[in-house]
Amino acid sequence: MTGTFGAALEARGVKADEGRLVAEVEGDVETDDGVLVIRRIRTRYRLRADEAHGDAIRRAFDAHPPKCPVYRTLSGCIDITTELDIVPLG
């Protein structure tokens, strides 16, 4: 998902390379009849970017999940949420 989001940002002129875009991912695993099953995945992106790109960043963030192969594959089976923190360049 991070790669898809990064590509969406770059397509809108927002740099996502050189450590500007970082993702922290957590998941919840439960047992179902003795078998471990992933139930939820939470992704929190942190993007260092110029505040002037705020609208483009939000558009990329909103648009990226349905364009992501991983999201499209897993979203019907696992609850996937994403959050975005924008850290101003400085």
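Residues numbered from 1 in each chain as written. Predicted model: local features only at pLDDT ≥ 70, side-chain atom pairs only at ≥ 80, totals over all residues. Heavy atoms only, no water.

> I'd love a proper account of the packing of aromatic side chains, names of residues and values included.
In this description, an aromatic ring pair is defined by two values, namely the gap between the centres and the angle between the planes. Tallied over the entire structure, the rule returns three aromatic pairs. With a centroid separation of 5.8 Å and an interplanar angle of 70°, the aromatic rings of Phe5 and Phe61 are classed as edge-to-face. You can see Phe5 sitting in helix 1 (residues 2-11) and its partner Phe61 sitting in helix 2 (residues 54-67), a full 56 residues away along the chain. Just as Phe5 is buried, Phe61 falls in that class too. Ring geometry for Tyr45 against Phe61: centres 6.3 Å apart, planes inclined by 90°, an arrangement best described as edge-to-face. With Tyr45 in strand 2 (residues 35-49) and Phe61 in helix 2, this pair connects stretches of sequence that are 16 residues apart. Assessed through its relative accessible area of 12%, Phe61 is described here as buried. A connected cluster of aromatic rings, assembled from ring pairs, spans Phe5, Tyr45 and Phe61. (Phe/Tyr/Trp six-rings, centres within 6.5 Å; stacked < 30°, edge-to-face > 60°. Helix = DSSP H or I, 4+ residues; strand = E, 2+ residues; numbered from the N terminus. Buried < 20%, exposed > 50% of the residue type's maximum accessible area, 1.4 Å probe, protein only.)

> Before we move on, can you summarise helix 2 with the specific residues and values?
A rise of 1.5 Å per residue sets the reference length of helix 2, with its 14 residues, at 20 Å; its end C-alpha atoms lie 20 Å apart and thus fit the reference within 8%. Restricting attention to buried positions, one finds in helix 2 the residues Ala56, Ile57, Ala60, Phe61, His64 and Pro65. (Expected span 1.5 Å × (residues − 1).)

> Hey, could you go over the environment of Ile38 for me, with residue numbers and the actual values?
Tracing the backbone through its elements, the reader meets Ile38 in strand 2. When its relative accessible area of 43% is taken as the criterion, Ile38 is described as partly exposed. Taking the C-alpha atoms as reference points, Ile38 and Ala23, separated by 15 residues in sequence, lie 19 Å from one another. Leave out the neighbours within four places in its chain, and Ile38 touches Asp28, Val29 and Ile78. (Contact = heavy atoms within 4.5 Å.)

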